[in-house]
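If you want the building blocks of each chain, they are given just below.
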Amino acid sequence: MVGPDRPSEDACLTHPEVDCPRWDEADRLKALTSYGVLDTTPEGSFDDLASLAARICEAPMAAVSLVDSQRQWFKSEVGLGVRETPRPLSFCAQAMLGDDVMVIPDAMQDERFIDNDLVTGAPHIRFYAGYPLRTPDGVPLGALCVLDDTPRPQGLTELQLMALKTLAQQVMTQLELRRALLDRDLSDRTARLAMEASAYVGAWDWDIPENRVIADERFARMYGVDPEAAREGAAIEVFTSSVHPDDAQRVADEIDRAMTGDGAFVSEYRLGQGDDVRWILARGQVYFDAEGKPIRFPGVAVDITERKTIETDLAETAVALSESESRFRVLADAMPQMVWSTLPDGFHDYYNARWYEFTGVPLGSTDGEGWNDMFHADDRERAWTVWRNSLETGEPYEIEYRLKHHSGVYRWTLGRAVAIRDEAGEITRWFGTLTDIDELKRLEQGRELVSQELSHRIKNIFAVVTALVALSARQYPEAKAFSASLRTRIAALARAHEFVRPHTETSKTTIGATTLHSFLSDLFKAYADETGGARVVIQGEDAVFDDQAATSVALLFHELATNAAKYGALSERGGVVTLDTERQEDRFVLTWSETGGPVIQGMPQRTGFGSSLASLSVEGQLGGRLSREWRPEGLQVIVDLPATALSRRRAAGGHTN
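Overview of the structure. Because the structure is predicted, anything quoted here is derived from the model rather than measured. Starting from 1, residues in each chain are numbered consecutively following that chain's sequence as written. Local features are withheld for residues below a pLDDT of 70 in this predicted model, meaning they are given only at 70 or higher, and side-chain atom pairs are given and counted only at 80 or more; totals for whole chains, interfaces and linings count all residues. Side-chain calculation: all heavy atoms of the structure are included, whereas hydrogens and water are not.

### Observations concerning the packing of helix α3 (residues 44–56) against helix α6 (residues 158–182)
Axis lines are fitted to C-alpha atoms, over the contacting stretch for helices. Their N-to-C directions set the angle, which ranges from 0 to 180 degrees. The way it works is that DSSP assigns letters per residue, a run of H or I at least four long becomes a helix, a run of E at least two long becomes a strand, and they are numbered from the N terminus. Remark: α3 packs on α6, axes separated minimally by 10 Å, with the N-to-C direction vectors making an angle of 175°. Regarding the angle of α3 to α6, the classification is roughly antiparallel. For the pair α3 and α6, the contacting residues are Ser-45, Phe-46, Leu-49, Leu-52, Ala-53 and Ile-56 in the first and Gln-160, Ala-163, Leu-164, Leu-167, Gln-170, Val-171, Gln-174, Leu-175 and Arg-178 in the second. In terms of residue class, the contact of α3 with α6 is made up of ten nonpolar, four polar and one charged. Roughly parallel refers to an angle under 35 degrees, roughly antiparallel to one over 145, roughly perpendicular to one between 65 and 115, and oblique to any angle outside these ranges. Should any heavy atoms of two residues lie within 4.5 Å, those residues are considered in contact. Each residue gets one of three labels, nonpolar for Ala, Val, Leu, Ile, Met, Phe, Trp, Tyr, Cys and Pro, charged for Asp, Glu, Lys and Arg, and polar for the others, Gly among them.

Here it is in structure tokens:
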């Protein structure tokens, strides 16, 4: 390396491992600073990795070296006895430029280091091996290295090389997760988004000086605490009082050790007593002020009751892995869903154990775009379209598709993913889950078959009634006009039935883009007077209307019209209903007013199924509000909807009604 700014031109030309165009020294130092690790106190997780590297490679010295602008600083060191050395003396400054282990069998025989002060003087380095520490973007930060004061012509064994590489990757995992915890807002947002795919994880944040714990709803419910109180903040004792008596002292001791030690907290314990006991896996990190006093203690808790049988294996795995990486994989593998993660561009680089159990594919074979071959051929283009849209817009990803099971059959799954963003709003990673919903789909299909059969029979009844009316009209010519009017009403009722019967995504009626007035006019034809004149008069502003709102709107107004025909304005010969539609800024208001019907004595004493169904259609499906006024002259119903509720697809495309 010639100078601290960039690799030399000669290095770029002769060393293919040097990726010169992707970074310069300013980029590298900025990346290093972003981890907030320089000049921090020793941490057990990094010390363990350096010690393990030294032991496996049978070396008296080892270090996690980070190359700063003028020095190399050791986050952890074994046998060196110093925390930093000048950068010009650094072996790691050159090792970090490569893509693989740099091995110096004898520094006294290497022209690059023969005059190095660390070779000619203490610690008298003769042998060196270092694996580069690189960010996910490929920017070098330093190296994990082992050193010896005795030459090693044979270098390292294949196993030692593999171990050094693996441990270096774990160092980077530690650094990545350490950086994620530095920013409280980003940490909280990351945890919240990553956890939305599962109902098994809760999060807390303890302000130690104020003794105030703020927790999300999942965490509060685990500990039997009112979610509102947890959201506002409560004393730590409110939560720890739920710990099983047999575990309470141990958990208290573990918390104390975290607050007086290096800050790392990992504990498995029970909540509740008697028959109502749940197992919890909790992990957190204590943060200290400049004087070494603990000030913050955030973390996550996972309900592992259902998976207690596999925890022993997971704990053994955690011993072999770094604190951060192992805990993430424990949490992911303990989840019943398949979990996956991608880089910002959509490159899949992680799947949990459930994925490999479900698919039966070899480890790593579905990284990158290999996962696409697991979809059913009929679902691939649709899945790609939805995924590409999420990658382009950053919107949450959700889709149902068929995934190939290890048995060879395709099973329906629900895929969901959310984007993790940095403080600048840039996507840094995607986290997603896949849930096996095949049994649910089969039940849904069974219900759909029953619904279709029932609908078919009802339509047959409409057809038979229409035929009987037509036959009667031929026998009684004087009733021909009445017959035609009645058949028109029956046909309108049949059309309304198509919208109000239960539908699935595959069977729902598609009306395309039309207007609200034309849709409702067609629906209300069944209630016309003897001359065919409308008894439900629609007036006001019209709106673009699509099939995503059709069923909910049809259910609502079919129910209102049916009740009006049985009990309200349409039950009397001169009764009329006026439906006024009006846009009010970002709302769309529909007012149903009945006049000319029986006098209303007051609000009904009970609410029927139809009224509940109408409320569900407006409030649950359309996201609006529904109010009723029982006036003496007739019922008035006001439906207040978001302006986008009637045409969600058009709104999603950036259009307005």
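### Thoughts on helix α2 (residues 25–34)
Where α2 is concerned, the buried positions are Glu-25, Arg-28, Ala-31 and Leu-32. End-on view of α2: buried residues confined to an arc of 125°, all on one side of the axis. Among the exposed residues of α2, those pointing more than 90 degrees away from its buried face are Ala-26, Lys-30 and Thr-33. For α2, the secondary structure elements touched by its buried residues are β1 (61–67) and β6 (140–148). Distance and chemistry together define a polar contact, namely a pair of N or O atoms within 3.5 Å, with one atom able to donate a hydrogen and the other to accept it when in protein, and with adjacent residues in sequence counting only for side-chain atoms on both sides. The N-capping residue of α2, defined by a side-chain oxygen 3.2 Å from the backbone nitrogen of Ala-26, is Asp-24. Categorising residues by exposure relies on relative accessible area from a 1.4 Å probe, with only protein chains included: less than 20% of the type maximum marks a residue as buried, more than 50% marks it as exposed, and the intermediate range marks it as partly exposed. What the arc describes is the spread of directions from the helix axis to the C-beta atoms.

### Focus on the pattern of salt bridges
Every case where a carboxyl oxygen of Asp or Glu lies within 4 Å of a side-chain nitrogen of Lys or Arg is listed as a salt bridge. For the coordinates displayed, the defined rule picks out 33 salt bridges. Here Asp-303 ties to Arg-278 by a salt bridge, and the two come within 3.0 Å at their closest N and O atoms. Pair noted here: Asp-303 is in strand β12 (residues 294–303) and Arg-278 is in strand β10 (residues 278–285), with a separation of 25 residues, a long-range link. The exposure class of Asp-303 is buried, given its relative accessible area of 18%. Within this structure, Arg-411, Asp-436, Asp-438, Glu-439 and Arg-442 form a network of salt bridges that share partners.

### Describing the nonpolar core
Of all hydrophobic cores here, the largest spans 55 residues; its most connected members are Tyr-128, Leu-144, Val-146, Leu-164 and Leu-175. Residue types Ala, Val, Leu, Ile, Met, Phe, Trp, Tyr and Cys, when buried and joined through side-chain atoms within 4.5 Å, form a set referred to as a nonpolar core. Counting residues in hydrophobic clusters, the runner-up holds 38 residues, among them Phe-519, Leu-520, Ala-543 and Leu-622.

### Observations concerning the packing of aromatic side chains
Whether two aromatic rings pair depends on their centres lying within 6.5 Å, for rings of Phe, Tyr and Trp, where Trp uses its six-membered ring; planes under 30 degrees apart make the pair stacked, over 60 edge-to-face, and the rest tilted. Tallied over the entire structure, the rule returns 19 aromatic pairs. Ring geometry for Trp-204 versus Phe-219: centroids 5.5 Å apart, planes at 40°, classification tilted. Here the residue Trp-204 occupies a position in strand β7 (residues 201–207), and Phe-219 occupies one in helix α8 (residues 217–222), the gap between them amounting to 15 residues. In this structure, Trp-204 and Phe-219 share a single accessibility class: buried. Their ring planes at 40° and their centres at 6.0 Å tell us that Phe-557 and Trp-592 sit as a pair that is tilted.

### Comments concerning the sheet that holds strand β16 (residues 410–421)
In this analysis, strands are considered paired if DSSP registers two or more bridges between them. Read from one edge of the open sheet, five strands run β14-β13-β17-β16-β15, paired in antiparallel fashion. Only two strands of the sheet have a single partner each, and these edge strands are β14 (348–351) and β15 (397–404). For this sheet, the mean inter-axis angle between neighbouring strands, taken without regard to orientation, is 25°. The pairing of β16 with strand β17 (residues 427–436) spans nine bridges and is classified as antiparallel. Paired with Arg-421 across the strands is Ile-427, a residue of β17. Packed onto the sheet, helix α15 (residues 380–393) meets β13 (338–342), β14, β15, β16 and β17 and runs at close to 145° relative to β15.

### What to know about the pairing of β15
Burial along β15 is one-sided: Tyr-397, Ile-399, Tyr-401 and Leu-403 are buried, while Glu-398, Glu-400, Arg-402 and Lys-404, pointing the other way, are not. One ladder, built from eight bridges, connects β15 with β16; its direction is antiparallel. Looking across to β16, one finds that Arg-402 is bridged to Trp-412.

### Some thoughts on the sheet that holds strand β24 (residues 634–642)
Sheet architecture is open: five strands sit in the order β19-β21-β22-β24-β23, paired in mixed fashion. At either margin of the open sheet sits one strand with a lone partner, and together these are β19 (536–540) and β23 (625–631). Going from strand to strand, the sheet's axes swing by 15° on average, the running direction of each strand aside. Where strand β22 (residues 587–595) lies against β24, seven bridges are found, and the strand directions are antiparallel. Directly across from Ser-593, in β24, lies its bridge partner Gln-636. In this fold helix α18 (residues 516–523) packs onto β19, β21 (576–584) and β22, with an angle of close to 175° to the strand it touches most, β19.

### Some details on the state of the cysteines
In this description, a disulfide is simply a cysteine sulfur pair whose atoms lie within 2.5 Å. According to the stated counting rule, one finds zero disulfides in the structure shown. Distance from the sulfur of Cys-145, which forms no disulfide, to the nearest cysteine sulfur (Cys-92) is 3.7 Å.

### What to know about a nonpolar patch on the surface
A surface patch of nonpolar side chains, about 260 Å² in accessible area, is lined by Val-464, Leu-468 and Leu-471. Relative to the helices and strands, Val-464 is located in helix α16 (residues 438–475). Using a relative accessible area of 48% as the deciding quantity, one classes Val-464 as partly exposed. Exposure above 30% relative accessible area and the lack of any salt bridge qualify a residue for a patch; like charges then connect within 9 Å, and the nonpolar side chains Val, Leu, Ile, Met, Phe, Trp and Tyr within 5 Å. Using a 1.4 Å probe, the Shrake-Rupley method yields the accessible areas, and only the shown protein chains count as cover for residues.

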